[in-house]
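Structural overview
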Amino acid sequence: MSISGLISNRNFSSFTASENVYQLRKHQSLQRGSISGLQHGGQIAKDPFARCQHDHHRTSHIEQRTVYGLGVSKLSKVNRACVHYRSEEYDIAETKVDPVASDEGTGEAIILEGNGTPVSPWWQKLPKRWVIVLLCFTAFLLCNMDRVNMSIAILPMSQEYNWNSATVGLIQSSFFWGYLLTQILGGIWADKLGGKVVLGFGVVWWSMATVLTPIAARIGLPYLLIMRAFMGIGEGVAMPAMNNILSKWIPVSERSRSLSLVYSGMYLGSVVGLAFSPMLIQNFGWASVFYSFGSLGSIWFAFWLRKAYSSPKDDPDLGAEEKRLILEGGVSKAPVSDIPWKLILSKPAVWALIISHFCHNWGTFILLTWMPTYYNQVLKFNLTESGLLCVLPWLTMAIFANIGGWIADTLVSKGFSITTVRKIMQSIGFLGPAFFLTQLSHVKTPAMAVLCMACSQGSDAFSQSGLYSNHQDIGPRYAGVLLGLSNTAGVLAGVFGTAATGYILQRGSWNDVFKVSVALYIIGTLVWNIFSTGEKILD
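Since we're looking at a predicted model, the values are computed, not measured.

**Overview of the overall build of the chain**
When helices and strands are counted, the chain shows 17 helices and nine strands. Here the chain holds 539 residues, and the buried ones make up 55% of them. The contacts in the chain between residues at least 6 apart in sequence include a share of 81% that link residues at least 24 apart.

This is the structure we're talking about:
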């Protein structure tokens, strides 16, 4: 077998051995002469590059050779071959050959398949922008795990400390006191400092508050309320920071899918929290859920420090092709120095976001915080059954959020305007829950009640491709501030809705609770379809 080719003294590229590629770095040069005439069976006298043996059999193997200065970066399956070295200008009769300096440095050897494809772990092949998405997804999973554990733990805690429904509602709503404080501040910090710093701070803060919750509860009710508010401060910056960092990393064509995946982390966090909390409480006591869930934040933070960057421009390991795709994909590029509050608040589409977010979160937070109590008091499920059956609606949300994201991005790619897509998805997110909540008063069995809850939450998940994606549509540079602004209204809905539910239940019924949610869903639908837009109105 023979291999022939020419590697010039100024442009090394590659040579072929048995149809396998042995890659060499480009733009290397030999200080003396050139290499030519690659064939089987030859040998170079006193050659410092390689030693060959005569072998007429095709022996395929992985072989690594020391090649001075050639910048060999990849290895492949090759047959035994050797190199005839012919000096065009010098007669090389010595064994010492000067190494050639590489302007790119020596490359790292990577074993290739026979066709030249690198063999690397799947996580290294994942685009960097989706690494950011998965880290945000994990952060939101921890966010809801740490939030919903109180909705399960509150049942044995209220028995131990003799709390009534009004006190339980106060404790549940105290989380939103801190959550409300950092919505707009979190958006400002993220737009100015970068999403990596702000989201990392948030996870560490709320994880510490989660671990300290049992200690505060044993000291006294005021300390528990303060600690829950502290936890809200940490979680309050999460959504604005995430929205900021994804506005830098994700092109428009992938926006709905990426946001839906991240928000589905919240729903899966509810699934995990509601599924494991009863088991932990029954085996180790109610305090164990706070200690175990809160400690997970430190593990996440270690990965976040190593892998995350606020912007593609900050990532030294980002490939040129992916960077070009991101920067040409309509993402936010310029940093924010001043927030044009007057301009932002003068836009009807911004107020549509604010009002719709309030209407949406009223029903969502009631279900998040009061669903285990509903199952326990109305459907007569025990603690374990309440926790496990609460999993179904949130699991449904996680699934349908990603389905909705895929549908929304597909519609955009088919030529539908972003405005039309956002209105369709959010209308489903409002009218679906409204319909299924009205059916709860007519169902006769617990199974049908759980099914209605699941369908309500599943249709609610389409909101992730509606109003939750709209902040980056109308003002990508101010995505953090816009989400902080609208989510402030959403948090107010959580504060008032969660507390009001406790007082409604003391004087009325669960049907009254659901009627208020349905009315707000309808109002949100009207406002959204009249005033919202998917076009960029802030630049």
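**Some words on a nonpolar patch on the surface**
Taken together, Leu185, Trp189, Leu193, Val197, Phe201, Trp205, Ile226 and Phe230 make up a surface patch of nonpolar side chains, about 730 Å² in accessible area. Elements that contribute at least two residues to the nonpolar patch include exactly helix 3 (165–193), helix 4 (195–219) and helix 5 (221–236). Within the secondary structure layout, Leu185 lies in helix 3.

**Concerning the packing of helix 13 (residues 418–439) against helix 14 (residues 446–460)**
Between helix 13 and helix 14, the least distance of the axes is 7 Å, while the angle of their chain directions is 170°. Comparing their axes, helix 14 and helix 13 come out roughly antiparallel. Between helix 13, through Ile428, Gly429, Gly432, Pro433, Phe436, Leu437 and Gln439, and helix 14, the contact on the second element is made entirely by Cys452, Cys455, Ser456, Ser459 and Asp460. Residue composition of the contact of helix 13 with helix 14, grouped by class: six nonpolar, five polar and one charged.

**Thoughts on the environment of Thr213**
Position of Thr213 relative to the elements: it lies in helix 4. Taking the C-alpha atoms as reference points, Thr213 and Leu224, 11 residues apart in sequence, are found 6.5 Å from one another. Non-local contacts of Thr213, meaning those with residues more than four positions away in its chain, are made with Met150, Leu224, Met227, Arg228 and Phe290.

**Some details on helix 3**
In an α-helix there are 3.6 residues to a turn, and that puts residues three or four apart on one side. Between its first and last C-alpha atoms helix 3 spans 42 Å; for 29 residues at 1.5 Å apiece the expected length is 42 Å, and the two agree. Where helix 3 bends most, the angle comes to about 35°, and this point is Gln183. Where helix 3 begins, the capping side chain belongs to Asn164, and its oxygen is found 3.2 Å from the backbone nitrogen of Ala166. The first or second residue beyond helix 3 is Gly194, which carries a positive phi of 105°.

**Concerning the confidence of the model for the chain**
Model confidence for the chain is summarised by a mean pLDDT of 78, while 74% of its residues fall at 70 or above. For the stretch residues 1–97, pLDDT sits under 50, and the model shows 187 contacts to residues farther than four places along the chain or on other chains. Low pLDDT, under 50, characterises residues 99–111; the stretch is placed with 31 contacts to residues that sit more than four places away or in other chains.

**Remarks on the nonpolar core**
Among the nonpolar cores identified, the biggest contains 120 residues, and Cys136, Phe140, Met157, Leu199, Leu246, Tyr263 and Tyr374 are the most heavily contacted of them. In terms of residues, this core owes the most to one element, helix 2 (residues 128–161), which gives 20 residues. Per-domain counts for this core show at least three residues from each of domain 1 (124–334) and domain 2 (341–538). Leu246 has contacts with Ile132, Val133, Cys136, Ser258, Leu259, Val262 and Gln472, leaving out every residue within four places of it along the chain.

**Side note on the pattern of salt bridges**
Evaluation of the coordinates by the stated rule reveals seven salt bridges. The salt bridge involving Asp409 is made with Arg257; its shortest N-O contact spans 2.8 Å. Of the two residues, Asp409 is situated in helix 12 (residues 383–413) and Arg257 in helix 7 (residues 255–284); the sequence distance between them amounts to 152 residues. Judged by relative accessible area, which is 6%, Asp409 ranks as buried. On the basis of relative accessible area, Arg257 is assigned to the partly exposed category, the value being 35%. Note that Arg422 is salt-bridged to Asp473, the shortest N-O span being 2.5 Å. With Arg422 in helix 13 and Asp473 in helix 15 (residues 467–474), the pair connects residues that are 51 residues apart, well separated along the chain. Taken together, the shared-partner salt bridges in this structure form one network comprising Arg129, Glu254 and Glu322.

**Notes on the packing of helix 13 against helix 15**
Viewed as axis vectors pointing N to C, helix 13 and helix 15 meet at an angle of 155°, and their least axial separation amounts to 9 Å. Looking at the two axes, helix 13 sits roughly antiparallel to helix 15. Where helix 13 crosses over helix 15, the two elements pack in a sense that is left-handed. Where helix 13 abuts helix 15, its residues Ile418, Arg422, Gln426 and Phe430 lie against Leu467, Ser469, Asn470 and Asp473. Split into classes, the residues belonging to the contact of helix 13 with helix 15 amount to three nonpolar, three polar and two charged.

**Brief notes about the packing of aromatic side chains**
Applying the stated criterion across every chain, the model contains 14 aromatic pairs. Relative to Trp304, the ring of Trp300 lies with its centre 4.9 Å away and its plane at 20°, an arrangement referred to as stacked. Taken together, the positions of Trp300 and Trp304, both in helix 8 (residues 287–307) and four residues apart, correspond to about one turn of that helix. Pair check on accessibility: Trp300 and Trp304 agree, each one buried. Three or more aromatic residues link up through ring pairs in this structure, and these residues are Tyr161, Trp163, Trp286 and Phe290.

**Observations regarding the side chain of Gln464**
Within the fold, Gln464 resides in the loop between helix 14 and helix 15. The exposure class assigned to Gln464 is buried, which follows from its relative accessible area of 2%. Residues within four places of Gln464 in sequence aside, it is in contact with Ser260, Tyr263, Tyr267, Ala401 and Ser469.

**Concerning the environment of Leu185**
Looking at Leu185, the relative accessible area reads 38%, which means it is partly exposed. Between the C-alpha atom of Leu185 and that of Val481, which follows or precedes it by 296 residues, the distance is 8.0 Å.

**Regarding unusual backbone geometry**
Phi is positive for Asn162, which is not a glycine, with a value near 60°. By the secondary structure assignment, Asn162 is in the loop between helix 2 and helix 3.

**Looking at the environment of Phe140**
Structurally, Phe140 is set in helix 2. On a C-alpha basis, the gap between Phe140 and Leu268 in space is 8.8 Å, while along the polypeptide they are 128 residues apart. Each residue touching Phe140, except ones within four places of it in the same chain, is listed here: Ala238, Met239, Met242, Val262, Tyr263, Gly265 and Met266.

Quick notes on the rules
Residues numbered from 1 in each chain as written. Predicted model: local features only at pLDDT ≥ 70, side-chain atom pairs only at ≥ 80, totals over all residues. Heavy atoms only, no water. Helix = DSSP H or I, 4+ residues; strand = E, 2+ residues; numbered from the N terminus. Buried < 20%, exposed > 50% of the residue type's maximum accessible area, 1.4 Å probe, protein only. Contact = heavy atoms within 4.5 Å. Patch = residues over 30% accessible without salt bridge, like charges linked within 9 Å, V, L, I, M, F, W, Y side chains within 5 Å. Areas by Shrake-Rupley, 256 points an atom, 1.4 Å probe, with all protein chains shown as cover. Salt bridge = Lys/Arg side-chain N within 4 Å of Asp/Glu carboxyl O. Axes fitted to C-alpha atoms, helices over the stretch in contact; angles between N-to-C directions. Parallel < 35°, antiparallel > 145°, perpendicular 65-115°, else oblique. Nonpolar A, V, L, I, M, F, W, Y, C, P; charged D, E, K, R; others polar. Expected span 1.5 Å × (residues − 1). Bend = angle between axes of the 7 residues up to and from the residue. Polar contact = N/O pair within 3.5 Å; in protein donor to acceptor, adjacent residues only side chain to side chain. pLDDT = per-residue confidence, 0-100. Core = buried A, V, L, I, M, F, W, Y, C linked by side-chain atoms within 4.5 Å. Domains from an automatic or database assignment. Left-handed = near helix turned anticlockwise from the far one by under 90°. Phe/Tyr/Trp six-rings, centres within 6.5 Å; stacked < 30°, edge-to-face > 60°.

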